[in-house]
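# Descriptive structure summary
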Amino acid sequence: MMRILNLEKQFLGINKQEIKMEACPCGSSLDFEKCCGPYLRGDKNPPTAESLMRSRYTAFHEGELDYIYNTHHKSTRGELDMEGIKTWALESDWLGLEILSTEKGGEKDSEGKVEFSCLFNFQGKNQSHHELSSFIKEDGKWYFVDGVLKDATIKRDAPKIGRNDPCSCGSGKKFKKCCGANS
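Cut-offs used in this document
Residues numbered from 1 in each chain as written. Predicted model: local features only at pLDDT ≥ 70, side-chain atom pairs only at ≥ 80, totals over all residues. Heavy atoms only, no water. Salt bridge = Lys/Arg side-chain N within 4 Å of Asp/Glu carboxyl O. Buried < 20%, exposed > 50% of the residue type's maximum accessible area, 1.4 Å probe, protein only. Helix = DSSP H or I, 4+ residues; strand = E, 2+ residues; numbered from the N terminus. Expected span 1.5 Å × (residues − 1). Phe/Tyr/Trp six-rings, centres within 6.5 Å; stacked < 30°, edge-to-face > 60°. Lys NZ or Arg CZ within 6 Å of the ring centre and 35° of its normal. Pairing = 2+ DSSP bridges.

## Observations concerning the pattern of salt bridges
When the charged atoms of two side chains with opposite charge come close together, those side chains can pair. In this structure the tally under the stated criterion is 3 salt bridges. Linking R41 and E33 is a salt bridge whose minimum nitrogen-to-oxygen distance equals 2.8 Å. Judged by relative accessible area, which is 45%, R41 ranks as partly exposed. Judged by relative accessible area, which is 18%, E33 ranks as buried. Its salt-bridge partner being E50, residue R54 comes within 3.0 Å of it at the nearest N-O pair. Note that R54 and E50 are positioned in helix α4 (residues 49-62) at a spacing of 4 residues, about one turn of the helix.

In structure tokens, the structure reads:
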């Protein structure tokens, strides 16, 4: 049966790459083989900070942990928790990447920033990761340096004070006329 399938493919002029026409997980709307596939295999290097960001997301999606490690800049590579990354990458269902903004990071730049948000399901809970990532280019190759989480949720220890509630400082004034006047 397999031999017949192979003969049919040869007869129809279909090769293996044409059969595996699937959208790249990075959300570029390109085929995986024309987008992040060559980067993950090491056939070529991403030309921009954004393309490195997209390929790193795809590496998490595909469980390509060596790629994550190798595209991390040597100055911060020692801080990596590869066991934690492995757990996060392999136990998550990666649901999508959105590039929100880029600053520099072009083919002729030596540094750049990419703000992104990705959705994933980890341990049965849908979650999002919003980050501003920094990249550096050395010897013609882009590397991830570090990232700063954006829009972290702030949880209050005490209930929120309304504008017309008495001020918590004990002045007897409304909050909006006292401590809230400078907010």
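Here the narrative resumes.
## Things to note about α4
Between its first and last C-alpha, α4 extends 20 Å over 14 residues, near the 20 Å set by a 1.5 Å rise per residue. Counting buried residues in α4 gives 11 out of 14 residues, a clear majority hidden from the surface. With its phi angle positive at about 75°, G63 sits one or two positions after the end of α4.

## Details of the packing of aromatic side chains
Within the structure shown, the criterion is met by 7 aromatic pairs. Ring centres of Y57 and W94 lie 5.9 Å apart, and the angle between their planes is 90°; on these two criteria the pair is classed as edge-to-face. Of this pair, Y57 sits in helix α4 while W94 sits in strand β1 (residues 92-104); the two residues are 37 residues apart in sequence, bridging distant segments of the chain. By the burial criterion, Y57 is buried, and W94 matches it. Consider the rings of F60 and W94, whose centres lie 5.6 Å apart with planes at 50°: the pair is tilted. One end of the pair, F60, is in helix α4; the other, W94, is in strand β1, and 34 residues separate them in sequence. Of note, R77 hangs over the ring of Y69, and the distance from its end group to the ring centre comes to 5.0 Å.

## Some remarks on the pairing of strand β4 (residues 141-149)
Examined bridge by bridge, strand β3 (residues 125-138) and β4 share 8 bridges and lie antiparallel to one another. If you follow S133 over to β4, its bridge partner there is G147. Here β3 folds back onto β4, and the loop between the two strands holds 2 residues, one of which, D139, carries a positive phi near 50°.

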